[in-house]
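# A closer look at the structure
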Amino acid sequence: MASTTLKLRGMSCASCARNVEKAISSVAGVNECIVNFGAELATVEYDRSKIDIATIQNVVSEAGYSAFLLSEQNPTAQEDEAEKREQAREIRLLMRKVVVSAILSVIIVIGSIPMMTGLHVPFISAWWHNPLLQLVLTIPIQFWCGLSFYHHAWKAFQRHTATMDTLVVLGTSTAFIYSLFPTFFPDLFTSQGLQADVYYEASAVVISLILLGRLLESRAKRQTGEAIGKLIGLQAKTARLIRNNEEVDIPIAEVQIGDVILVRPGEKIPVDGEVIYGTSTIDESMVTGESVPIRKQPGNEVIGATINKTGSFKFKTTRIGKDTVLAQIVQLVQQAQASKAPIQRLADRVTGFFVPIVIAIALFTFIIWFNIMGNFTLALITTVGVLIIACPCALGLATPTSVMVGTGKGAENGILIKGAESLELAHKIKTIVLDKTGTITQGKPTVTDFVTINGTANGNEIRLLQLAASVERHYRTRQK
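Residues numbered from 1 in each chain as written. Predicted model: local features only at pLDDT ≥ 70, side-chain atom pairs only at ≥ 80, totals over all residues. Heavy atoms only, no water.

### A look at the overall build of the chain
When helices and strands are tallied, the chain shows 15 helices and 13 strands. The burial tally for the chain puts 41% of its 480 residues in the buried class. Here the contacts in the chain between residues at least 6 apart in sequence split such that 70% fall between residues at least 24 apart. Element-wise, carbon and sulfur atoms account for 60% of the exposed surface of the chain, whose accessible area totals about 26,000 Å². (Helix = DSSP H or I, 4+ residues; strand = E, 2+ residues; numbered from the N terminus. Buried < 20%, exposed > 50% of the residue type's maximum accessible area, 1.4 Å probe, protein only. Contact = heavy atoms within 4.5 Å. Areas by Shrake-Rupley, 256 points an atom, 1.4 Å probe, with all protein chains shown as cover.)

### Details of the side chain of T183
Relative to the elements of secondary structure, T183 occurs in helix α6 (residues 164-184). A polar contact is formed between the side chain of T183 and the backbone oxygen of S179, at a distance of 2.6 Å. For T183, the side chain forms a polar contact with the side chain of Y200, separated by 2.7 Å. With sequence-adjacent residues up to four places away left out, T183 is seen in contact with P131, L132, V198 and Y200. (Polar contact = N/O pair within 3.5 Å; in protein donor to acceptor, adjacent residues only side chain to side chain.)

### A few points about the pairing of strand β8 (residues 272-278)
Looking at chain direction, β8 and strand β13 (residues 313-319) are connected through six bridges and run antiparallel. Residue pairing across strands places E274 opposite K316, the latter belonging to β13. Judged from the two bridges that link them, β8 and strand β11 (residues 301-302) form a sheet pairing that is antiparallel. By the bridge assignment, G273 is partnered in β11 with V302. (Pairing = 2+ DSSP bridges.)

### Points about the packing of aromatic side chains
Under the criterion given, the structure shown has eight aromatic pairs. Pairing F176 with Y200 gives two aromatic rings, centres 5.8 Å apart and planes at 65°, and the pair type is edge-to-face. Highlighted residues: F176 in helix α6 and Y200 in helix α8 (residues 200-232), separated in sequence by 24 residues. Residue placement shows K97 over the ring face of W144; its charged tip is 5.6 Å from the ring centre. (Phe/Tyr/Trp six-rings, centres within 6.5 Å; stacked < 30°, edge-to-face > 60°. Lys NZ or Arg CZ within 6 Å of the ring centre and 35° of its normal.)

### Re the side chain of T383
Topologically, T383 is positioned in helix α12 (residues 376-389). A distance of 3.4 Å separates a polar side-chain atom of T383 from the backbone nitrogen of F366. Residues in contact with T383, not counting those within four places in the same chain, are A362, T365 and F366.

### Regarding the packing of helix α4 (residues 131-145) against α6
It is the contact of α4 with α6, at a shortest axis distance of 11 Å, that shows an interaxial angle of 155°. In terms of axis orientation, α4 runs roughly antiparallel to α6. For α4 against α6, the interelement crossing comes out left-handed. Between α4 and α6, the residues in contact are P131, L132, L135, T138, I139, Q142 and F143 and T172, S173, F176, L180, T183 and F184, respectively. (Axes fitted to C-alpha atoms, helices over the stretch in contact; angles between N-to-C directions. Parallel < 35°, antiparallel > 145°, perpendicular 65-115°, else oblique. Left-handed = near helix turned anticlockwise from the far one by under 90°.)

### What about the confidence of the model for the chain?
Here the chain shows a mean pLDDT of 78. Residues at 70 or above account for 77%. The low-confidence segment residues 72-79 (pLDDT under 50) makes 20 contacts with residues lying over four places distant or belonging to another chain. In this model, residues 475-480 is a region of pLDDT below 50 whose contacts with residues beyond four sequence positions or in other chains number twelve contacts. (pLDDT = per-residue confidence, 0-100.)

### Digging into the sheet that holds strand β7 (residues 260-263)
As summarised here, the arrangement of the six strands in space is β6-β5-β7-β13-β8-β11, forming an open sheet in which the pairing is antiparallel. The two strands at the open ends of the sheet, each matched to only one other strand, are β6 (246-251) and β11. Pairing analysis gives six bridges linking strand β5 (residues 238-243) to β6, with the strands arranged antiparallel. By the bridge assignment for β6, A239 is matched with I250.

### What about the environment of A39?
Within the secondary structure layout, A39 lies in the loop between β2 (30-36) and β3 (41-46). When its relative accessible area of 6% is taken as the criterion, A39 is described as buried. Expressed as a C-alpha distance, the spacing of A39 and V405, which sit 366 residues apart in the sequence, is 9.0 Å.

### Here we look at the pattern of salt bridges
Under the defined criterion, the tally for this structure stands at seven salt bridges. For R240, the salt bridge is made with E267, and the minimal N-O distance between the two is 2.9 Å. Of this pair, R240 sits in strand β5 while E267 sits in the loop between β7 and β8, and the two are 27 residues apart along the sequence. Owing to a relative accessible area of 16%, R240 belongs among the buried residues under this scheme. For E284, the salt bridge identified is with K296, shortest N-O distance 3.1 Å. Here E284, found in the loop between β9 (280-283) and α9 (285-288), pairs with K296, found in strand β10 (residues 294-296); they are twelve residues apart in sequence, far enough to count as distant. (Salt bridge = Lys/Arg side-chain N within 4 Å of Asp/Glu carboxyl O.)

### Notes on a nonpolar patch on the surface
A surface patch of nonpolar side chains, amounting to about 600 Å² of accessible area, comprises L132, I177, F181, F184, F185 and L188. Among the elements that take part in the nonpolar patch, α6 stands out by supplying three residues, more than any other. The class for F181 is partly exposed, based on a relative accessible area of 40%. (Patch = residues over 30% accessible without salt bridge, like charges linked within 9 Å, V, L, I, M, F, W, Y side chains within 5 Å.)

As structure tokens, then:
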């Protein structure tokens with residue numbers, strides 16, 4: 001069995017994640033598929049002899065979404081500059097839509113106060129709550145700010161499925177279309193003794209609130225991606241290769257196994273390897289948690305992204321790319337983000353039939369209210385209320401997002417969380433036991449003062465420090 005992680009695009013809610021998971025799992029040769037909506041990742045375990053990655057990507061594409069294979073050499077390919085720019089562009093567009101919809105919604109709601117309360121408000125003139133004006137203000141919200149809801153709902157309809165966007169479109173469109181009749185044909189209502197009330201504010205406010213929720217969700221995803229990016233930022237960008245007895249700086253991606261690399265004091269070790277010449281002390285706290293630098297000499301292993309403290313040394317590379325310790329740490333964090341907590345598995349089972357049940361309940365509500373009360377308007381508004389209240393699906397959205405943010409923040413602060421289940425069980429912790437490396441202090445020794453012995457510096461301590469720093473700058477010892 002092989003395992004791979006795919007980056008997904010096009011999902012808008014937990015129901016979408018469920019649809020992708022079902023589509024991939026239904027393919028012969030796929031043993032297991034876990035889709036995390038918050039992280040937008042799909043972890044697939046499959047049989048190489050029966051299926052390949054291209055087939056899985058095609059299945060995802062047929063389901064109406066897109067999947068990209070994360071680079072094996074670069075574990076954070078999804079966080080490259082191009083994707084960051086695309087994420088920033090999407091957030092800016094979403095921000096503009098939130099601002100526009102919020103401003104227009106406030107104007108519409110203020111103009112609707114007399115209709116909603118039945119009270120005369122002196123500062124609200126008749127033109128402010130004119131149905132035509134409210135229609136004009138609602139159209140940009142409904143068909144520009146809310147365009148993505150229609151787009152995703154239509155794609156779901158083509159796939160013969162329903163998502164949370166389906167509920168948003170049904171609820172807001174029903175309120176909008178119904179309001180068109182009292183706007184242009186008020187006599188249809190007044191002739192039957194009914195109020196020709198419009199409900200543009202219901203559609204506008206719901207779209208604004210859901211857009212705000214998605215903006216906050218997108219920003220949380222981006223911040224978590226930046227947390228992982230900081231992990232990768234620990235890695236050196238270049239390596240000083242010894243080639244034909246000359247030092248050549250090359251990009252880290254060009255380093256090969258068996259290359260001899262020179263590392264000077266204060267520099268980061270580019271990749272994993274074994275010391276072959278020289279002695280030094282290395283700060284490995286980012287991996288081991290040990291605050292005291294570790295002495296290294298020929299034959300000892302060194303870890304990429306750790307910091308060389310004192311002497312210069314040469315080492316032969318043994319692991320590069322996805323095989324380095326740092327890459328495996330990042331992979332662990334990504335797997336933790338893509339994993340599912342027990343509560344999320346419950347949420348996924350619910351979302352599988354959540355939308356159809358909500359639509360059925362909404363239709364049942366309309367029938368009951370219309371038959372009992374005999375009031376079409378009241379029955380319709382009650383139905384719209386059922387659809388709109390169910391739209392956000394808080395459990396399906398909050399659970400994967402919280403797992404993603406929790407694991408990302410943990411990694412940013414040096415805490416690696418193995419999986420979502422561990423994160424969910426963390427609230428039961430009553431006792432924490434720390435070993436010698438699990439320090440709860442600053443964890444980094446610092447120089448507080450220095451003294452000279454027997455007048456070695458002849459009273460000039462600063463000159464002594466300069467001499468010591470000069471010796472340390474390029475200190476080497478011969479292998480004995």
